[in-house]
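Analysis of the macromolecular model
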Amino acid sequence: MTVPPAAYVLLSTLLFVLGALGVLLRRTALIVFMSIELMLNSVNLAFLSFARMHADLSGQLVAFFVLVVAAVEVVVGLAILVDIFRTRDTVDVDEVDLLRG
Amino acid sequence: MESAVFLIASALSLVGGVGVVTARQPIHSALSLLVVLASLAVLYLLLLAEFLAVLQVILYAGAILVLFLFVIMLLHAHSPELHPSPKLGRSHTATAVISATLLFGLLAGAVLQALGGRVVAPPPPGFGSPEAVGRALFTAFLLPFELAGLLLLVGIVTGVVLGKAPERREAGRPEEGRPAREEVLTRGGRR
């Protein structure tokens, strides 16, 4: 392996920060969701590079479970989003503030 | 060879990531996300995670992204002028960028300190193959695996319940000016 593991983990860090920026900067709930997916994927990349680094399969298994949880999260999240859109006609996360104290 | 593939795939994933965050239209974000997912699948192959790479393509690019596109089209069909994300205040943007930069500095410092000059253990034969992953899933990770199945079931039921069209208050009595579902169906059939 000519590419050092630090390069993979650094790339995953960059992608994670990009996803966090998306969550902080964008107001459309759909894009916030996609940024969360970006962060989950970057964490998966870190897990896989750690698995490769230690030649231990457990990291890949954890990435597998992250994948499953991400799939369920997207299904439930998008269903909630569609419901919100039905009742409020917007997917702007600043507009949906019924629970604001 | 490996470095070249790594450089190309990582550059593509970063470009896609910037696209996800900066695109004005949600649909462009979704397509950028597809670029990220595909290039990450290539990186997974470089990391000898064949099974996860295939899953990434099937599950993420195949299922999750299609769901995203479907919802985007559904919402846009209802509101053609889904306002392309209103401008945020300058202080908000600055705060977000500064905190993200600080987070990156923190993480990158920790990574370089912990992993700088790390050598990689040689993998055993068959590392990351479907057989090896499946064997681990059904032995050491059996309980989480079953729980994941349960979680998927919960996800399916939730999706069906939440995605159902809202029921009308009085069943059987159509509202004024709005034909009941059966009426629409029979009219469509007669046409």
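Residues numbered from 1 in each chain as written. Chains lettered and ligands numbered in written order. Predicted model: local features only at pLDDT ≥ 70, side-chain atom pairs only at ≥ 80, totals over all residues. Heavy atoms only, no water.

Let us now look at the overall build of chain B. When helices and strands are counted, chain B shows 7 helices and 0 strands. Along its sequence from the N terminus, chain B presents helices and strands in the succession α-α-α-α-α-α-α. Relative to its full complement of 191 residues, chain B shows a buried share of 29%. (Helix = DSSP H or I, 4+ residues; strand = E, 2+ residues; numbered from the N terminus. Buried < 20%, exposed > 50% of the residue type's maximum accessible area, 1.4 Å probe, protein only.)

Now for the interface of chain A and chain B. Each partner contributes to the interface: chain A provides 69 residues, whereas chain B provides 85 residues. When chain A packs against chain B, the two sides together hide about 7,000 Å² of surface, and 82% of this comes from carbon and sulfur. The largest contributions to the chain A side of the interface with chain B come from Met34, Arg52 and Leu67 of chain A, which together make up 10% of the buried area. Along the contact surface separating chain A from chain B lie 0 salt bridges. Contributions of two or more residues to the side of chain A that touches chain B are made by α1 (5-25), α2 (29-54) and α3 (58-88) of chain A. (Contact = heavy atoms within 4.5 Å. Buried area = accessible area lost by both parts, 1.4 Å probe. Salt bridge = Lys/Arg side-chain N within 4 Å of Asp/Glu carboxyl O.)

All names here are of chain B. Counted at 1.5 Å a residue, the expected span for helix α6 (residues 142-163) with its 22 residues is 32 Å, and the 31 Å between its end C-alpha atoms agrees. Every buried residue of α6 is listed here: Ala148, Gly155 and Gly159. Down the axis, α6 shows its buried residues gathered within 30° of arc, on one side only. Facing away from the buried side of α6 by over 90 degrees, the exposed positions are Leu143, Val160 and Val161. (Expected span 1.5 Å × (residues − 1). Arc of directions from axis to C-beta.)

So, about the packing of α2 of chain A against helix α2 (residues 26-46) of chain B. In contact at an axis separation of 10 Å, α2 of chain A and α2 of chain B are set at 5° when each is read in the N-to-C sense. The pairing of α2 of chain A with α2 of chain B is recorded here as roughly parallel in orientation. Residues Ile31, Met34, Glu37, Leu38, Asn41, Asn44, Leu45 and Leu48 of chain A of α2 of chain A pack against Pro26, Ser29, Ala30, Leu33, Val36, Leu37, Leu40, Leu43 and Tyr44 of chain B of α2 of chain B. Across the contact of α2 of chain A with α2 of chain B, the residue classes tally to 13 nonpolar, 3 polar and 1 charged. (Axes fitted to C-alpha atoms, helices over the stretch in contact; angles between N-to-C directions. Parallel < 35°, antiparallel > 145°, perpendicular 65-115°, else oblique. Nonpolar A, V, L, I, M, F, W, Y, C, P; charged D, E, K, R; others polar.)

Now for the pattern of salt bridges. Taken as a whole, this structure holds 2 salt bridges over all chains when the rule is applied. We note a salt bridge from Asp83 of chain A to Arg86 of chain A, for which the minimum N-O separation is 3.1 Å. You can see Asp83 of chain A and its partner Arg86 of chain A sitting in helix α3, 3 residues apart, about one turn around the helix. The class for Asp83 of chain A is partly exposed, based on a relative accessible area of 26%. Here Arg135 of chain B and Glu131 of chain B are joined by a salt bridge, their closest N and O atoms 3.1 Å apart. Taken together, the residues Arg135 of chain B and Glu131 of chain B, both in helix α5 (residues 130-138) and 4 residues apart, mark about one turn of the helix. Under the relative-accessibility criterion, Arg135 of chain B is labelled exposed at 54%. Taking relative accessible area as the criterion, Glu131 of chain B reaches 55% and is therefore assigned exposed.

Before going further, it helps to spend a moment on a nonpolar patch on the surface. Residue and element names in this part refer to chain B. Taken together, the side chains of Leu143, Leu147, Leu150, Leu153, Val154, Ile156, Val157, Val160 and Val161 make up a nonpolar region of the molecular surface, amounting to roughly 870 Å² of accessible area. Position of Leu143 among the secondary structure elements: in helix α6. Under the relative-accessibility criterion, Leu143 is labelled exposed at 62%. (Patch = residues over 30% accessible without salt bridge, like charges linked within 9 Å, V, L, I, M, F, W, Y side chains within 5 Å. Areas by Shrake-Rupley, 256 points an atom, 1.4 Å probe, with all protein chains shown as cover.)

Turning our attention to the nonpolar core. Counting 57 residues, the largest nonpolar core has Tyr8, Leu30 and Leu45 of chain A together with Leu43, Tyr44 and Phe68 of chain B as its most contacted members. Among the elements that line this core, the one with the most residues is α3 of chain A, at 13 residues. Leu30 of chain A has contacts with Leu78 and Leu81 of chain A together with Phe68, Val71, Ile72 and Leu75 of chain B, leaving out every residue within four places of it along the chain. (Core = buried A, V, L, I, M, F, W, Y, C linked by side-chain atoms within 4.5 Å.)

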